[in-house]
Amino acid sequence: MAADSQLSEADYDVLSNLGETPGGRIRLTDLAAHMRWSPSRLSHQVARMRQRGLVTHEASPDDGRGSVIVLTEHLVKAESE
(Lines give C-alpha, C1' and ligand atoms only; values in the text may rest on other atoms or scores of the structure.)
Protein backbone atom coordinates (compact mmCIF):
# COMPACT_ATOMS: atom_id res chain seq x y z
CA MET A 1 0.00 0.00 0.00
CA ALA A 2 2.80 2.43 0.85
CA ALA A 3 4.37 1.95 -2.58
CA ASP A 4 1.05 2.57 -4.32
CA SER A 5 0.21 5.70 -2.36
CA GLN A 6 3.78 7.02 -2.18
CA LEU A 7 3.17 7.81 1.51
CA SER A 8 5.66 6.97 4.20
CA GLU A 9 4.53 5.51 7.50
CA ALA A 10 5.12 8.92 9.09
CA ASP A 11 2.99 10.60 6.38
CA TYR A 12 0.19 8.16 7.08
CA ASP A 13 0.44 8.71 10.84
CA VAL A 14 0.17 12.47 10.47
CA LEU A 15 -2.63 12.32 7.88
CA SER A 16 -4.71 9.81 9.81
CA ASN A 17 -4.46 11.82 13.03
CA LEU A 18 -5.13 15.08 11.22
CA GLY A 19 -8.12 13.54 9.43
CA GLU A 20 -9.75 12.83 12.78
CA THR A 21 -9.75 16.51 13.78
CA PRO A 22 -12.66 18.90 13.15
CA GLY A 23 -12.16 20.48 9.74
CA GLY A 24 -8.90 18.60 9.22
CA ARG A 25 -6.99 21.25 11.15
CA ILE A 26 -5.12 21.40 14.45
CA ARG A 27 -2.34 23.33 16.14
CA LEU A 28 1.04 21.74 15.51
CA THR A 29 1.82 21.49 19.22
CA ASP A 30 -1.51 19.82 19.96
CA LEU A 31 -1.01 17.28 17.17
CA ALA A 32 2.55 16.59 18.33
CA ALA A 33 1.31 15.95 21.88
CA HIS A 34 -1.51 13.72 20.63
CA MET A 35 0.90 11.69 18.49
CA ARG A 36 3.56 11.69 21.24
CA TRP A 37 6.08 13.24 18.87
CA SER A 38 8.30 16.20 19.63
CA PRO A 39 7.11 19.46 18.04
CA SER A 40 10.45 19.61 16.21
CA ARG A 41 9.99 16.14 14.68
CA LEU A 42 6.45 16.96 13.59
CA SER A 43 7.53 20.32 12.19
CA HIS A 44 10.17 18.66 10.00
CA GLN A 45 7.70 16.00 8.85
CA VAL A 46 5.07 18.63 8.05
CA ALA A 47 7.63 20.65 6.05
CA ARG A 48 8.28 17.60 3.84
CA MET A 49 4.54 16.97 3.50
CA ARG A 50 3.92 20.62 2.54
CA GLN A 51 6.39 20.30 -0.32
CA ARG A 52 4.30 17.44 -1.70
CA GLY A 53 1.00 19.28 -1.23
CA LEU A 54 -0.39 16.97 1.45
CA VAL A 55 -0.91 19.64 4.11
CA THR A 56 -0.71 23.40 4.49
CA HIS A 57 0.62 25.43 7.37
CA GLU A 58 -1.09 28.58 8.67
CA ALA A 59 -0.49 31.02 11.49
CA SER A 60 -2.70 30.34 14.48
CA PRO A 61 -5.59 32.82 14.66
CA ASP A 62 -5.45 32.62 18.47
CA ASP A 63 -1.70 33.01 18.91
CA GLY A 64 0.64 34.54 16.33
CA ARG A 65 3.50 32.37 17.58
CA GLY A 66 1.66 29.09 16.99
CA SER A 67 0.84 27.36 13.75
CA VAL A 68 -2.04 25.28 12.48
CA ILE A 69 -1.63 22.26 10.23
CA VAL A 70 -4.42 21.79 7.69
CA LEU A 71 -5.26 18.95 5.29
CA THR A 72 -5.15 20.19 1.72
CA GLU A 73 -8.45 20.61 -0.06
CA HIS A 74 -8.01 17.58 -2.35
CA LEU A 75 -7.37 15.33 0.67
CA VAL A 76 -10.45 16.62 2.48
CA LYS A 77 -12.59 15.91 -0.62
CA ALA A 78 -11.10 12.44 -1.09
CA GLU A 79 -11.77 11.61 2.54
CA SER A 80 -15.44 12.57 2.30
CA GLU A 81 -16.07 10.46 -0.81
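Before reading on, note that the structure itself is shown above.
None of these values were measured; they are calculated from a predicted model. (Residues numbered from 1 in each chain as written. Predicted model: local features only at pLDDT ≥ 70, side-chain atom pairs only at ≥ 80, totals over all residues. Heavy atoms only, no water.)

As for the packing of aromatic side chains
What the rule picks out here adds up to 0 aromatic pairs. Positioned above the aromatic ring of Trp37, the side-chain terminus of Arg41 is 3.8 Å from the ring centre. (Phe/Tyr/Trp six-rings, centres within 6.5 Å; stacked < 30°, edge-to-face > 60°. Lys NZ or Arg CZ within 6 Å of the ring centre and 35° of its normal.)

Remarks on the nonpolar core
By size, the foremost hydrophobic cluster in this structure holds 17 residues, and its most contacted members are Val14, Leu42 and Val55. Of all the elements in the fold, those that place two or more residues in this core are helix H2 (9-19), helix H3 (28-35), helix H4 (39-51) and strand E3 (67-71). In contact with Leu42, other than residues within four places in its own chain, are Val14, Leu28, Leu31, Ala32, Met35 and Trp37. (Core = buried A, V, L, I, M, F, W, Y, C linked by side-chain atoms within 4.5 Å. Buried < 20%, exposed > 50% of the residue type's maximum accessible area, 1.4 Å probe, protein only. Helix = DSSP H or I, 4+ residues; strand = E, 2+ residues; numbered from the N terminus. Contact = heavy atoms within 4.5 Å.)

A short note on the pairing of E3
In regular strands, side chains alternate between the two faces of the sheet. Counting buried positions along E3 gives 5 out of 5 residues, so the element sits mostly inside the fold. The side-chain alternation of E3 yields two buried faces, one formed by Ser67, Ile69 and Leu71 and the other by Val68 and Val70. Here strand E1 (residues 25-27) runs beside E3; their pairing, made up of 3 bridges, is antiparallel. For Ile26, the partnering residue across the bridge sits in E3 and is Ile69. Bridge count for strand E2 (residues 55-59) against E3 is 5 bridges, and the pairing is antiparallel. Among the inter-strand pairings, Thr56 is bridged to a residue of E3, identified as Val70. (Pairing = 2+ DSSP bridges.)

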